[in-house]
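Next come the chains, spelled out residue by residue.
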Amino acid sequence: MAPTKSELRRDALNQRRKMSVEEWSERSRLITDHLFQWILATYPPAGSTPAVHGYLARPETREIDTRPLLLDLIRAEGVTHSGGVPTENRSMQTLRVHDPMRLEPGPYGIPQPCGNDLLPPHALALVIVPSVLLDVSGNRIGYGGGYYDRFLTSTGAITVAPTFETFLVEGPLPIDPT
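1. Some points on the overall build of the protein chain
Here is step 1 of the chain: On a plain count of helices and strands, the protein chain comes out with four helices and eleven strands.
Here is step 2 of the chain: Taking 2.2 N^0.38 as the reference for a compact globule, 178 residues should give roughly 16 Å; the C-alpha atoms of the protein chain span a radius of gyration of 16 Å, in line with that estimate.
Here is step 3 of the chain: Based on the C-alpha atoms only, the size of the protein chain along its principal axes is roughly 50 × 35 × 30 Å.
Here is step 4 of the chain: Every one of the 178 residues in the protein chain was classed for burial, and the buried ones make up 44%.

Rendered as structure tokens:
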């Protein structure tokens, strides 16, 4: 019998938490540097970086640390935003990030920008989503709350889910909603 989505999530999170802080930081930066270069190449000319929604990582989960990427986008005069404000329908609102190093704890302990500078989801060009596991077809297992799944239905943005290669699998992941 194939493992359930919950079992796959649990096992991947346990494996990811074993990564040292140094390894996590170094590997995250390599990935976000590459993603930053891709964004600049995809949305030229420089200085016209699109409105980007990027998650803010919780270090204890060892998800890709996006703070350096968000800082790079702000320096490139990009409009950078982050999720973090759950809504009544278990989706999210998008807040502007003025300084990714100055954040406050939000719901579930997820770091979020200070203030209430909101951007409507349809104004976003790119959404960077967190993931626990990805398959080569683009299916994603997240944390199980469905926040990004619901949020993405309200935006026509391109979606990018950076991950460490260890958590990119060949076979199809279950896509049932859990």
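And the narrative resumes.
2. Some thoughts on helix 3 (residues 67-75)
Here is step 1 of the chain: Here helix 3 lies mainly inside the structure; seven of its nine residues are buried.
Here is step 2 of the chain: Among all positions of helix 3, only Arg67, Pro68, Leu69, Leu70, Leu71, Asp72 and Leu73 are buried.
Here is step 3 of the chain: Of the residues one or two after helix 3, Glu77 is the one with positive phi, at around 65 degrees.

3. Quick look at the packing of helix 2 (residues 21-42) against helix 3
Here is step 1 of the chain: The interhelical angle for the contact between helix 2 and helix 3, taken along N-to-C directions, is 30 degrees, at an axis separation of 9 Å. Considering the angle they form, helix 2 stands roughly parallel to helix 3. Between helix 2 and helix 3 lies a crossing whose hand is right-handed. The segment helix 2 lies against helix 3, with Arg29, Thr32, Asp33, Leu35, Phe36 and Ile39 engaging Pro68, Leu69, Asp72 and Leu73.
Here is step 2 of the chain: Residues that form the contact of helix 2 with helix 3 fall into these classes: six nonpolar, one polar and three charged.

4. Digging into helix 2
Here is step 1 of the chain: Between its terminal C-alpha atoms helix 2 stretches 31 Å, which fits the 32 Å expected from 22 residues at 1.5 Å a residue.
Here is step 2 of the chain: For helix 2, the complete set of buried residues consists of Trp24, Ser28, Thr32, Leu35, Phe36 and Ile39. Viewed along the axis of helix 2, the buried residues span an arc of 110 degrees, placing them on a single side of the element. Facing away from the buried side of helix 2, by more than 90 degrees, are the exposed residues Glu22, Glu26, Leu30, His34 and Ala41.
Here is step 3 of the chain: Those residues of helix 2 that are buried are in contact with helix 3, strand 7 (126-128) and strand 10 (158-160).

5. A few points about unusual backbone geometry
Here is step 1 of the chain: Positive phi is not limited to glycine here, since Arg62 has a value of about 60 degrees.
Here is step 2 of the chain: Inspection of the secondary structure puts Arg62 in the loop between strand 1 (52-54) and helix 3.
Here is step 3 of the chain: A relative accessible area of 13% places Arg62 in the buried class.

6. Concerning the pattern of salt bridges
Here is step 1 of the chain: Applying the stated criterion across every chain yields a total of six salt bridges.
Here is step 2 of the chain: Between Arg29 and Asp33 there is a salt bridge whose closest N-O contact spans 2.6 Å. With a gap of four residues between them, Arg29 and Asp33 both fall in helix 2, about one helical turn apart.
Here is step 3 of the chain: For Arg29, a relative accessible area of 32% translates into the label partly exposed.
Here is step 4 of the chain: Within the structure, one salt-bridge network assembled from shared partners comprises Arg29, Asp33, Asp72 and Arg75.

Rules used throughout
Residues numbered from 1 in each chain as written. Predicted model: local features only at pLDDT ≥ 70, side-chain atom pairs only at ≥ 80, totals over all residues. Heavy atoms only, no water. Helix = DSSP H or I, 4+ residues; strand = E, 2+ residues; numbered from the N terminus. Rg over C-alpha atoms; globule rule 2.2 N^0.38 Å. Buried < 20%, exposed > 50% of the residue type's maximum accessible area, 1.4 Å probe, protein only. Axes fitted to C-alpha atoms, helices over the stretch in contact; angles between N-to-C directions. Parallel < 35°, antiparallel > 145°, perpendicular 65-115°, else oblique. Left-handed = near helix turned anticlockwise from the far one by under 90°. Contact = heavy atoms within 4.5 Å. Nonpolar A, V, L, I, M, F, W, Y, C, P; charged D, E, K, R; others polar. Expected span 1.5 Å × (residues − 1). Arc of directions from axis to C-beta. Salt bridge = Lys/Arg side-chain N within 4 Å of Asp/Glu carboxyl O.

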